[in-house]
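Per-entry structural report
Residue-level listing of the chains:
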Amino acid sequence: MRDVVLPVTNWEQEDKGTVTIAGDIFDVPIRKDIVHHVVKWQRAKRRKGTHSTKTRGEVAGSTRKINKQKGTGKARHGSRRAPQFRGGGVAHGPKPRSYEYKLNKKVRRLGLKIALSARVAERKLMLFDNVDLPTHKTRQLMKLVPNLGCRRVLIVDGVEKMGREITLACRNVKEVNVIPAKGLNVYSILLHDTLVMSVAAVREIEDRLHTPINR
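Keep in mind it's a predicted model, so treat the numbers as computed, not measured. (Residues numbered from 1 in each chain as written. Predicted model: local features only at pLDDT ≥ 70, side-chain atom pairs only at ≥ 80, totals over all residues. Heavy atoms only, no water.)

**Topic: the pairing of strand E6 (residues 194-198)**
- E6 sits mainly inside the fold: five of its five residues count as buried.
- Burial along E6 is two-sided: Thr194, Val196 and Ser198 and Leu195 and Met197, pointing in opposite directions, are all buried.
- Sheet topology note: the strand E3 (residues 125-128)/E6 ladder contains four bridges and is parallel. By the bridge assignment, Phe128 is partnered in E6 with Ser198.
- Taken together, the four bridges between strand E4 (residues 153-157) and E6 define a ladder with parallel strand orientation. When the bridges of E6 are listed, Val156 appears paired with Met197. (Buried < 20%, exposed > 50% of the residue type's maximum accessible area, 1.4 Å probe, protein only. Helix = DSSP H or I, 4+ residues; strand = E, 2+ residues; numbered from the N terminus. Pairing = 2+ DSSP bridges.)

Now the structure itself:
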């Protein structure tokens with residue numbers, strides 16, 4: 001886990017020098033099992049869990065007994081709302097619930113480090129001195145993205161709220177997304193081919209991952 005020196009550039013691919021990033025965050029061994037656990041946990045948290053079916057007590061219908069208890073030769077049914085009848089309730093059907101479960105903070109933090117290290121190893125992490133755009137026009141953004149040599153791009157800046165120009169420019173582009181450093185996560189990194197980060201975002205991520213975990 002050695003410190004990594006990466007070049008710094010901008011949207012026009014101009015040389016802006018180099019920067020050293022922490023090796024204990026951007027150069028850790030790759031473990032697919034940890035990444036799998038973190039992605040599974042993230043996707044479980046995102047599930048709405050609003051699915052619902054009606055039981056025989058919730059289905060609208062008469063409570064009248066279908067036929068006599070004896071003498072007809074038929075089964076002893078008591079309600080038309082029973083699960084075996086068409087239009088009846090659902091037995092053991094899904095009900096609204098949360099799919100969220102606990103995952104240790106150490107595992108979540110390690111997963112983010114591995115995802116960042118994988119992008120560095122693949123040379124798919126680009127550092128910009130500033131990710132802001134001079135205009136909010138999507139057309140201008142689409143002229144700059146091909147210069148990065150990739151298709152799906154995640155742009156990360158070290159501010160709490162992304163700039164208006166870059167937010168509006170990316171709004172209509174499915175392949176390009178923006179996110180503040182505070183919200184950077186494993187699943188978002190894996191969904192994109194290339195990670196574009198400002199130097200400020202890198203420093204914020206380093207401070208975040210070097211902060212001791214509160215128990």
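**Quick notes on the sheet that holds strand E1 (residues 4-9)**
- A sheet is described by the order of its strands in space; here six strands give the open sequence E2-E1-E3-E6-E4-E5, paired in mixed fashion. What marks the edges here is a single partner per strand, and that holds for strand E2 (18-21) and strand E5 (176-180). Averaged over all pairs of adjacent strands, the angle between their axes in this sheet comes to 30°, without regard to strand direction. (Axes fitted to C-alpha atoms, helices over the stretch in contact; angles between N-to-C directions.)

**Structural notes on the domain arrangement of the protein**
- The assigned domain composition of the protein is domain 1 (4-47 + 99-210) and domain 2 (50-98).
- Computed over C-alpha atoms, the centres of domain 1 and domain 2 are 52 Å apart. (Domains from an automatic or database assignment.)

**Concerning the packing of helix H3 (residues 105-121) against helix H7 (residues 199-210)**
- Orientation of H3 relative to H7, taken along the N-to-C sense of each, is 145°, at an axis distance of 11 Å. Between H3 and H7 the crossing geometry is left-handed. Seen from H3, the contacting residues are Arg109, Leu112, Lys113 and Leu116; seen from H7, they are Ile205, Arg208 and Leu209.
- Partitioned by chemical class, the residues of the contact of H3 with H7 number four nonpolar, no polar and three charged. (Left-handed = near helix turned anticlockwise from the far one by under 90°. Contact = heavy atoms within 4.5 Å. Nonpolar A, V, L, I, M, F, W, Y, C, P; charged D, E, K, R; others polar.)

**Topic: helix H2 (residues 32-46)**
- When the terminal C-alpha atoms of H2 are compared, their 21 Å separation across 15 residues agrees well with the 21 Å that a helix rising 1.5 Å per residue should span.
- Listing the buried residues of H2 in full gives Ile34, Val35, Val38, Val39, Trp41, Gln42 and Ala44.
- For H2, the secondary structure elements touched by its buried residues are H3 and helix H6 (186-190). (Expected span 1.5 Å × (residues − 1).)

**Thoughts on the layout of surface pockets**
- Of the pockets and cavities examined, the largest pocket occupies roughly 380 Å³.
- Lys105, Arg108, Arg109, Arg208 and Leu209 are, among the 16 residues lining the largest pocket, the residues nearest its centre.
- Elements that contribute at least two residues to the lining of the largest pocket include exactly H2, H3 and H7.
- Of all the elements, H3 adds the most residues to the lining of the largest pocket, at four residues.
- For the lining of the largest pocket, the per-class residue count stands at eight nonpolar, four polar and four charged. (1 Å grid on protein atoms, 1.4 Å probe; cavity = no way out; pocket = protein on both sides within 12 Å on 5 of 7 lines; lining within 4 Å. Points joined across faces, edges and corners; volume = space filled by probe spheres on them.)

**Focus: unusual backbone geometry**
- Although it is not a glycine, Gln13 sits at a positive phi angle of roughly 60°.
- Within the secondary structure layout, Gln13 lies in the loop between E1 and E2.
- At Arg123, a residue that is not glycine, the phi angle is positive and equals roughly 60°.
- Turning to its location among the elements, Arg123 is positioned in the loop between H3 and E3.
- Judged by relative accessible area, which is 78%, Arg123 ranks as exposed.

**Notes on the pattern of salt bridges**
- The tally for this structure, following the rule as stated, stands at six salt bridges.
- In this structure, Asp33 and Arg31 form a salt bridge, with 2.6 Å as the shortest nitrogen-oxygen distance.
- On the accessibility criterion, Asp33 (37% relative accessible area) is partly exposed.
- Under the relative-accessibility criterion, Arg31 is labelled partly exposed at 39%.
- For the salt bridge of Arg119 with Glu122, the shortest nitrogen-to-oxygen distance reads 2.7 Å.
- The exposure class assigned to Glu122 is partly exposed, which follows from its relative accessible area of 41%. (Salt bridge = Lys/Arg side-chain N within 4 Å of Asp/Glu carboxyl O.)

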